[in-house]
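Letter by letter, the chains look like this.
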Amino acid sequence: MSSSEPSPAAGWMAVATAALDTGHTEGFDPPVSVIVLPTDRSEPLGLLGDGAEVWRRLAGPMPVPTGDLSPEQAVIARQLAASGLVALGVHHPSAVRTLEPPHLSSPLHELVWALVARVAEERGIRCVFIKGPTLHDQGLRDREHSGDVDVWCDPRRWVELIEALQECGWQREPDPWWGTPIGHSATLSPTGWGCQIDVHRRMPGMTFDDESAFELVVADTVAVRMAGIPVLVPSRTSHAVIAALHAARPEIGRPREADSPSRVAIDLLQRLPDPVTACRRLGAVPALRHELDVCRPGVTLVDDGVPRDWFWRAQPDRVRAYAAALRELDLADRFRVALRLVWPAPDVARESARRAGEETDRPLAARLRRLRRGLVPFLSGWLLRKG
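## A word on the overall build of the protein
Moving on, step 1. Within the protein one finds 15 helices and 12 strands.
Moving on, step 2. The buried share of the protein, taken over its 387 residues, is 49%.
Moving on, step 3. The contacts in the protein between residues at least 6 apart in sequence include a share of 63% that link residues at least 24 apart.
Moving on, step 4. Of the roughly 18,700 Å² of accessible surface on the protein, 54% is carried by carbon and sulfur atoms.

Structure (structure tokens):
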């Protein structure tokens with residue numbers, strides 16, 4: 001606030017982690033005028049009628065003096081305050097200064113974006129939101145909506161952000177690679193409201209180390225607003241390369257033929273005026289070599305080696321893929337993770353069975369089935385080579 005502006009007097013203020021003006025948004029029955037994410041990060045609340053009207057009035061740059069409310073409005077303000085949606089005072093860290101309409105087709109997902117941004121900001125953790133609907137906004141894909149929220153944070157504070165989001169009601173999905181340098185992201189599933197959040201500490205396919213890659217992306221971002229909260233997303237050029245890496249990433253244990261480049265990645269790179277330079281800046285040329293050969297035939301590409309994520313993922317089956325990944329760890333971590341993979345924790349075993357289409361609540365059965373699924377392709381391949 002500049003010295004020429006008057007200091008605010010005590011009054012009523014609308015407060016929230018994030019809020020959306022849905023007065024003109026279809027799909028709500030009864031019509032909800034405002035969606036508010038309370039400051040305690042509990043489930044979003046829809047306001048309508050007199051409650052929405054009073055809350056709207058209290059959302060602004062200055063507190064509303066108590067004397068400016070009618071007796072009926074004052075009663076509603078006190079009721080909203082009891083729900084944590086209004087505060088009485090001069091300043092509040094979660095005071096809502098502006099109320100904006102939804103930017104995304106899913107207000108729920110937009111509130112998750114805002115929540116992650118607020119949680120990270122409160123802890124001073126730098127974040128860049130990747131993939132998702134901003135690819136559509138930047139003209140990089142036709143599909144607008146995404147089923148989850150992807151955020152790339154400072155890799156040195158990756159675990160801290162995950163733990164903070166768990167305190168807000170998200171639960172980390174089982175992962176045998178947790179606590180090792182192998183995993184590039186953690187999936188958090190909501191225990192109540194919201195959608196899945198993928199927290200990344202790197203993007204597979206970049207030849208730079210985690211910290212350097214993150215700094216390169218952060219240096220080339222633009223700001224957008226989600227539920228009134230400013231967030232950073234990659235520039236159109238950087239975002240196209242990141243999305244192309246995601247599209248071209250080998251599925252673990254299922255290598256893609258060299259002469260079958262990703263059509264999605266090619267489409268993304270062809271939307272850039274100079275995809276080769278864009279890929280070189282992010283160390284993505286080796287991973288996207290086959291796609292760049294299609295986009296820019298005849299251009300000489302410097303061979304920087306195979307990215308570590310690509311090498312182990314591209315092994316002929318999951319057992320050999322995991323064995324290659326294990327070789328990147330020190331001896332103690334190698335033994336610990338190998339034990340996890342062969343005889344995983346109950347939650348990991350059950351999740352593995354679920355993804356394989358096998359429903360079982362018995363950890364022993366889930367572990368044995370996981371072991372069978374891993375050994376069968378390995379032994380089959382070994383016998384074929386011997387033959």
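## Some words on the pattern of salt bridges
Moving on, step 1. This model, assessed by the stated rule, comprises 16 salt bridges.
Moving on, step 2. Residues Glu215 and Arg156 are paired through a salt bridge, measuring 3.7 Å at the closest nitrogen-oxygen approach. Taken together, the positions of Glu215 in helix H6 (residues 210–218) and Arg156 in the loop between strand E7 (148–153) and helix H5 (158–167) put the pair 59 residues apart, joining distant regions of the chain.
Moving on, step 3. The exposure class of Glu215 is partly exposed, given its relative accessible area of 33%.

## Describing empty space enclosed by the protein
Moving on, step 1. As enumerated under the stated definition, the model contains two cavities of 30 Å³ or more in all.
Moving on, step 2. Lining the largest cavity are Leu104, Ser106, His109, Trp113, Pro133, Glu144, His145, Ser146 and Asp148.
Moving on, step 3. Tallied by class, the residues present in the lining of the largest cavity amount to three nonpolar, four polar and two charged.
Moving on, step 4. There is about 30 Å³ of room inside the second largest cavity.
Moving on, step 5. What lines the second largest cavity is Arg202, Met203, Met206, Phe208, Asp210, Ala213 and Asp309.
Moving on, step 6. For the lining of the second largest cavity, the class distribution of residues is four nonpolar, no polar and three charged.

## A look at the side chain of Arg41
Moving on, step 1. As for its position among the elements, Arg41 is in the loop between strand E3 (34–37) and strand E4 (45–47).
Moving on, step 2. A residue is classified by how much of its surface remains accessible, and Arg41, at 12% relative accessible area, is buried.
Moving on, step 3. A distance of 3.0 Å separates a polar atom in the side chain of Arg41 from a polar atom in the side chain of Thr17.
Moving on, step 4. Beyond its immediate sequence surroundings of up to four residues, Arg41 is in contact with Thr17, Leu115, Arg118, Val119, Glu122, Cys168 and Trp193.

## Considering the sheet that holds E3
Moving on, step 1. Reading across the sheet, the three strands line up as E2-E3-E4 and stay open at both edges, with antiparallel pairing between neighbours. The open sheet has two edge strands, strand E2 (18–21) and E4, and neither has a second partner. Averaged over neighbouring strand pairs, the angle between their axes works out to 20 degrees when direction is ignored.
Moving on, step 2. In this fold helix H1 (residues 49–58) packs onto E2, E3 and E4, with an angle of close to 65 degrees to the strand it touches most, E3.
Moving on, step 3. Across the sheet, helix H3 (residues 107–122) is in contact with E2 and E3; its angle to E2 comes to roughly 150 degrees.

## As for the packing of aromatic side chains
Moving on, step 1. This model, assessed by the stated rule, comprises six aromatic pairs.
Moving on, step 2. Relative to Phe214, the ring of Trp152 has its centre 6.2 Å away and its plane inclined at 55 degrees; by these criteria the two rings are tilted. With Trp152 in strand E7 and Phe214 in helix H6, this pair connects stretches of sequence that are 62 residues apart.
Moving on, step 3. Among the aromatic residues, ring-to-ring pairing joins Trp177, Trp312 and Tyr322 into one connected group.
Moving on, step 4. Above the ring of Trp158, the side-chain terminus of Arg201 is found at 5.3 Å from the ring centroid.

## Here we look at the confidence of the model for the protein
Moving on, step 1. With 86% of its residues at a pLDDT of 70 or more, the protein has an overall mean of 86.
Moving on, step 2. Taken element by element, the protein is modelled with least confidence in helix H15 (residues 363–386), mean pLDDT 57, and with most confidence in strand E6 (residues 127–130), mean pLDDT 98.
Moving on, step 3. Segment residues 376–387: pLDDT under 50, and seven contacts once partners within four positions in sequence are set aside and those in other chains are kept.

## Re the nonpolar core
Moving on, step 1. Grouped together as the largest cluster of nonpolar side chains are 39 residues, with contacts concentrated most on Phe129, Leu161, Ile197 and Val199.
Moving on, step 2. Here this core gets nine residues from one element, more than from any other, and that element is H3.
Moving on, step 3. Residues in contact with Phe129, not counting those within four places in the same chain, are Trp113, Val116, Ala117, Val149, Asp150, Val151, Val231, Leu232, Val233, Pro234 and His239.
Moving on, step 4. In this structure, Ile130, Leu140, Val276 and Leu288 belong to the second largest nonpolar core, which totals 35 residues.

What counts and how
Residues numbered from 1 in each chain as written. Predicted model: local features only at pLDDT ≥ 70, side-chain atom pairs only at ≥ 80, totals over all residues. Heavy atoms only, no water. Helix = DSSP H or I, 4+ residues; strand = E, 2+ residues; numbered from the N terminus. Buried < 20%, exposed > 50% of the residue type's maximum accessible area, 1.4 Å probe, protein only. Contact = heavy atoms within 4.5 Å. Areas by Shrake-Rupley, 256 points an atom, 1.4 Å probe, with all protein chains shown as cover. Salt bridge = Lys/Arg side-chain N within 4 Å of Asp/Glu carboxyl O. 1 Å grid on protein atoms, 1.4 Å probe; cavity = no way out; pocket = protein on both sides within 12 Å on 5 of 7 lines; lining within 4 Å. Points joined across faces, edges and corners; volume = space filled by probe spheres on them. Nonpolar A, V, L, I, M, F, W, Y, C, P; charged D, E, K, R; others polar. Polar contact = N/O pair within 3.5 Å; in protein donor to acceptor, adjacent residues only side chain to side chain. Pairing = 2+ DSSP bridges. Axes fitted to C-alpha atoms, helices over the stretch in contact; angles between N-to-C directions. Phe/Tyr/Trp six-rings, centres within 6.5 Å; stacked < 30°, edge-to-face > 60°. Lys NZ or Arg CZ within 6 Å of the ring centre and 35° of its normal. pLDDT = per-residue confidence, 0-100. Core = buried A, V, L, I, M, F, W, Y, C linked by side-chain atoms within 4.5 Å.

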